Amino acid sequence: MHIPFDRLRANGKILNLMAVTRCVVTRANSIPVAHPYQKFYVPFFIPLRLNTGTLIQQTKSMKAEPCTYVIFGATGNLSRIKLMPSLYHLDAANRLPEGTRILAIGRRPWDQQKWLAEVRQMIEAKVSDNFDETVFQRFSARLHYHQGDIKQSQCYSELADTLDLTNRFPKNIAFYLSISPSDFGTVMKLLSDTGLFDEQYGWRRVIIEKPFGYDLDSAKALQKRISRYLSEEQIY
């Protein structure tokens with residue numbers, strides 16, 4: 001049995017972000033969903049016996065903990081047209097817990113003011129006349145920018161210092177990899193080497209953006225590699 005991917009597309013980004021902090025998805029309670037944009041089939045898992053509407057209703061009644069979203073590739077096109085607007089809409093609907101923070105990682109030499117201006121443009125371009133200045137001010141207070149090269153260990157040591165040395169970032173952390181599949185393994189290793197997957201003080205999750213590899217062989221190799229650093233329950 002397969003669930004058509006089109007049933008998930010409309011709220012895909014929002015459901016993904018909600019599910020990462022509120023549901024544990026495993027092969028034991030899930031069924032595969034075939035992804036239509038790839039020539040091969042890599043299983044994507046959603047909770048069994050829950051359709052999209054049911055999942056939304058259940059998450060409305062659950063109390064989520066505040067967390068820190070660390071977004072790799074935050075200045076890229078996917079973040080611009082999908083991810084940041086989706087997070088803004090969650091905040092507008094009062095679906096982001098108080099204290100939730102969003103830490104963007106990018107190579108561009110931007111400061112906080114420049115990043116906020118860029119995010120404003122991203123959201124205004126998507127919501128047009130429905131832009132709410134009050135909501136944006138609340139949302140922008142959650143935003144932080146971290147400059148770094150994701151292929152260099154310095155980026156991760158400085159990221160760890162930022163997350164550890166201040167009380168502004170919740171210890172529950174979700175890493176969102178909006179980057180090229182060729183970088184997934186490298187980023188996972190560097191996060192692990194820096195101790196950023198350590199769950200001593202809070203949970204850790206990793207959201208891997210599609211495509212997952214380039215073909216079946218590369219997808220299998222990537223799955224094997226990332227399983228060195230994370231359990232299945234931590235990967236979305």
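Anything mentioned here points back to the structure above.
These lines cover the structure that appears in this document, whether it is placed above or below. Since the structure is predicted, the reported quantities are computational estimates derived from the model, not experimental observations.

**Things to note about helix α4 (residues 77–92)**
Item 1. Given a rise of 1.5 Å per residue, 16 residues ought to cover 22 Å, and the 22 Å separating the end C-alpha atoms of α4 matches this to within 8%.
Item 2. Of all the bends in α4, the greatest, near 30°, is centred on Leu83, and the proline Pro85 appears no more than four residues after it.
Item 3. Directly beyond the C-terminal end of α4, a positive phi value near 60° is found at Asn94.

**Some words on the sheet that holds strand β3 (residues 68–72)**
Item 1. Pairing is parallel in the open sheet, where five strands are placed in the order β5-β4-β3-β6-β7. Each edge of the sheet is formed by a strand with only one pairing partner; in this case those strands are β5 (143–147) and β7 (204–208). The mean angle between the axes of side-by-side strands here comes to 20°, regardless of whether they run parallel or antiparallel.
Item 2. In the sheet, strand β4 (residues 101–106) pairs with β5 via five bridges, with the strands oriented parallel. Paired with Ile102 across the strands is Leu143, a residue of β5.
Item 3. Taken strand by strand, helix α5 (residues 112–127) contacts β4 and β5, and its axis lies near 120° from that of β5.

**Examining the packing of α5 against helix α6 (residues 133–140)**
Item 1. At a minimum axis separation of 11 Å, α5 and α6 run at an interaxial angle of 135°. By the angle between their directions, the pair α5 and α6 is classed as oblique. As for how α5 packs across α6, the hand of that crossing is right-handed. Every residue of α6 that contacts α5 at Leu116, Val119, Arg120 and Ile123 is listed here: Glu133, Phe136, Gln137, Phe139 and Ser140.
Item 2. Residues of the contact of α5 with α6, tallied by class, amount to five nonpolar, two polar and two charged.

About the thresholds
- Here the residue numbering is sequential within each chain, running from 1 through the sequence in written order.
- A pLDDT threshold of at least 70 governs which residues receive local features in this predicted model, and a stricter bar of 80 or more applies before side-chain atom pairs are shown or counted, although totals over entire chains, interfaces and linings include all residues.
- Hydrogen atoms and water are omitted, and side-chain values are computed over all heavy atoms in the structure.
- Secondary structure follows DSSP: runs of H or I at least 4 residues long count as helices, runs of E at least 2 residues long count as strands, and numbering of each begins at the N terminus.
- Here a helix's expected span is defined as the number of its residues, less one, multiplied by 1.5 Å.
- Each residue is assigned a bend, namely the angle between axes fitted to the seven residues that terminate at it and the seven residues that start at it.
- Criterion used throughout: strands pair if DSSP finds at least two bridges between them.
- Axis definition: a line fit to C-alpha positions, over the contact stretch in the case of helices; interaxial angles, taken between N-to-C directions, run 0 to 180 degrees.
- Contact definition: two residues touch when any of their heavy atoms are within 4.5 Å.
- Note that the term roughly parallel is reserved for angles under 35 degrees, roughly antiparallel for angles over 145, roughly perpendicular for angles of 65 to 115, and oblique for everything else.
- Crossing handedness: left-handed means the near helix sits turned counterclockwise from the far one by under a right angle, and right-handed means the same turn made clockwise.
- Under the scheme applied, nonpolar residues are Ala, Val, Leu, Ile, Met, Phe, Trp, Tyr, Cys and Pro; charged residues are Asp, Glu, Lys and Arg; polar residues are all the others, including Gly.

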